[in-house]
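Structural features, examined
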Amino acid sequence: MSSPFLQSIRSACRVRGYSLRTEETYLYWTKQYIYFVKKRHPRDCGAVEVAAFLTYLADVRHVSINTQKLALNSLVFVYRNVLDQELGDLGFSLAKKQRQLPTVLSSHDVLQIVGCMEGRNKLIFQILYGSGLRISECLRLRVKDLDTQRLSINVHDGKGRKSRQTLMSKTIQESILKQIEEAISIQQKDASRKIGTAMPPALARKYPNAAFSPAWAYLFPSSNWCDHPLTGQVCRYHLHPSVPRKVLKKAVVTCGLDHRKINCHTFRHSFATELLLAGNDIRTVQELLGHADVRTTQIYTHVIGKHYAGTQSPLDLGVVSITDNCCG
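Notes on the pairing of strand β3 (residues 164-167)
Of the two faces of β3, only one is covered, namely that formed by Arg164 and Thr166; the face formed by Gln165 and Leu167 stays uncovered. Looking at chain direction, strand β2 (residues 152-155) and β3 are connected through 4 bridges and run antiparallel. Following the sheet pairing, Val155 is matched in β3 by Arg164.

Right, here's the structure in full:
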């Protein structure tokens, strides 16, 4: 059992509809902070202790800037929404993260990696590359989210709690139909044992039979039942992200590409890059990716080296004359 204080943080997150992942992140950093201040209650601490904790994370634990920001956001939430205290000026500002260009794969590399996979795992990465989904968005897909006639995929409650529609590759249309049949078959067997698909608690109360409806079946169900993280009820959840990650790691090694930093998100980066290389408008790519700000999408124009449209390197412009002079 967690302490009443930690339980109050859970309640504050759930009242605001935060994801389970956000809730666990806030709890983790709150616990780390409590250990840092030698188990004093956070209400007895303040801006000085929080600033010291963030400095400790940077100087002693050498965490990344993003991790330091996560810790700060967690503590600001706890002080503001649970303890009803404002931290005010912490006396320092976080360093700005240096912009890094994402790793992207050529279509040849993608086909090579995916070619080392089969069945369900192959389809997962075909969706990541063909539709630009995050791995969490892909694994959370339910049967109702896929329109194989219009070749579209609806992504609900994505990053930032946004929903969007993206395209589905015609190449995988048949594979998706087969996966849908398998997912529904698994759900029907579960239903015969009175076990349903994992549902958000509010929806489960509103639609008590939805957990047994084929529309709400996960496209990629987990291999085993589990207890629902919020209700504790036995249910069938979606596949855990560690499964495709392990498959990808093995495929990358098999293809001899393990010298590059390749993860599930790389396929989303590659999706965006290929669309821009094909001449698609950056606003269209922004919508398909679900970016709130087009500046986030613009990072891919730097990746392909076409941030300045129509501009060529001076060396390329003069390469013919240079060659002619050398030969003359």
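Let's talk about unusual backbone geometry
Positive phi values are uncommon outside glycine, yet His62 reaches one of about 55 degrees. Judged by its relative accessible area of 61%, His62 is exposed. In this structure, Lys194 takes a positive phi of about 65 degrees despite not being glycine. Structurally, Lys194 is set in the loop between α8 (173-191) and β4 (196-197). Residue classification places Lys194 among the exposed positions, given a relative accessible area of 72%.

Focus: helix α6 (residues 119-131)
With 13 residues, α6 extends 18 Å from end C-alpha to end C-alpha; this agrees with the ideal 18 Å at 1.5 Å per step. Taking burial as the measure, the 13 residues of α6 include 10 buried ones, the bulk of the element. Residues Asn121, Leu123, Ile124, Phe125, Gln126, Ile127, Leu128, Tyr129, Gly130 and Ser131 constitute the buried set of α6.

What about the sheet that holds β3?
As summarised here, the arrangement of the 3 strands in space is β1-β2-β3, forming an open sheet in which the pairing is antiparallel. Every interior strand has two partners, whereas the edge strands, β1 (146-147) and β3, have only one.

A few points about the side chain of Thr148
Structurally, Thr148 is set in the loop between β1 and β2. Those residues in contact with Thr148 that sit more than four places away from it in its chain are Met168, Gln173, Ile176 and Leu177.

Re the sheet that holds strand β6 (residues 234-238)
Within a beta sheet, neighbouring strands are joined by backbone hydrogen bonds and run either parallel or antiparallel to one another. Taken together, the 3 strands give an open sheet; going across it, the order is β4-β6-β5, and neighbouring strands pair in mixed fashion. Edge strands, defined here as strands with exactly one partner in the open sheet, are β4 and β5 (221-227). With 4 bridges joining them, β5 and β6 adopt antiparallel strand pairing. When the sheet's bridge partners are listed, Trp225 is paired in β6 with Arg236.

Description of the side chain of Arg164
With respect to the helices, strands and loops of the structure, Arg164 is situated in strand β3. A polar side-chain atom of Arg164 sits 3.0 Å from a polar atom in the side chain of Glu137. Contact partners of Arg164, with chain neighbours within four places excluded, come to Gly132, Leu133, Arg134, Glu137, Ile153, Asn154, Val155, Arg268, Glu287, Leu288, Leu289 and Gly290.

Things to note about the environment of Arg134
Residue placement: Arg134 occurs in the loop between α6 and α7 (135-139). Here the alpha-carbon distance between Arg134 and Lys159, two residues 25 residues apart in the chain, equals 8.9 Å. Leaving out residues up to four positions away in the same chain, Arg134 has contacts with Leu128, Lys159, Arg164, His265, Arg268 and Leu289. A distance of 2.6 Å separates polar atoms of two side chains, one belonging to Arg134 and the other to Glu137.

Here we look at the packing of aromatic side chains
Considering all chains together, one arrives at 12 aromatic pairs under this definition. Relative to Phe77, the ring of Tyr18 has its centre 5.6 Å away and its plane inclined at 50 degrees; by these criteria the two rings are tilted. Highlighted residues: Tyr18 in the loop between α1 (4-15) and α2 (20-36) and Phe77 in helix α4 (residues 65-82), separated in sequence by 59 residues. Plain terms: the ring middles of Trp29 and Phe53 are 6.4 Å apart, the flat faces sit at 65 degrees to each other, and that makes the pair edge-to-face. In this pair, Trp29 is assigned in helix α2 and Phe53 in helix α3 (residues 47-59), connecting sequence segments 24 residues apart.

Thoughts on α1
A rise of 1.5 Å per residue sets the reference length of α1, with its 12 residues, at 16 Å; its end C-alpha atoms lie 16 Å apart and thus fit the reference within 8%. Among the residues of α1, Phe5, Leu6, Ile9, Arg10, Ala12 and Cys13 are the ones counted as buried. Buried residues of α1, seen end-on, are gathered within an arc of 160 degrees and therefore sit on one face of the element. Exposed residues lying more than 90 degrees from the buried face of α1 are Pro4 and Val15. Buried residues belonging to α1 abut α2 and α4. Two residues or fewer past α1, Gly17 is found with a positive phi of approximately 75 degrees.

How each quantity is defined
- Residues numbered from 1 in each chain as written.
- Predicted model: local features only at pLDDT ≥ 70, side-chain atom pairs only at ≥ 80, totals over all residues.
- Heavy atoms only, no water.
- Buried < 20%, exposed > 50% of the residue type's maximum accessible area, 1.4 Å probe, protein only.
- Helix = DSSP H or I, 4+ residues; strand = E, 2+ residues; numbered from the N terminus.
- Pairing = 2+ DSSP bridges.
- Expected span 1.5 Å × (residues − 1).
- Contact = heavy atoms within 4.5 Å.
- Polar contact = N/O pair within 3.5 Å; in protein donor to acceptor, adjacent residues only side chain to side chain.
- Phe/Tyr/Trp six-rings, centres within 6.5 Å; stacked < 30°, edge-to-face > 60°.
- Arc of directions from axis to C-beta.

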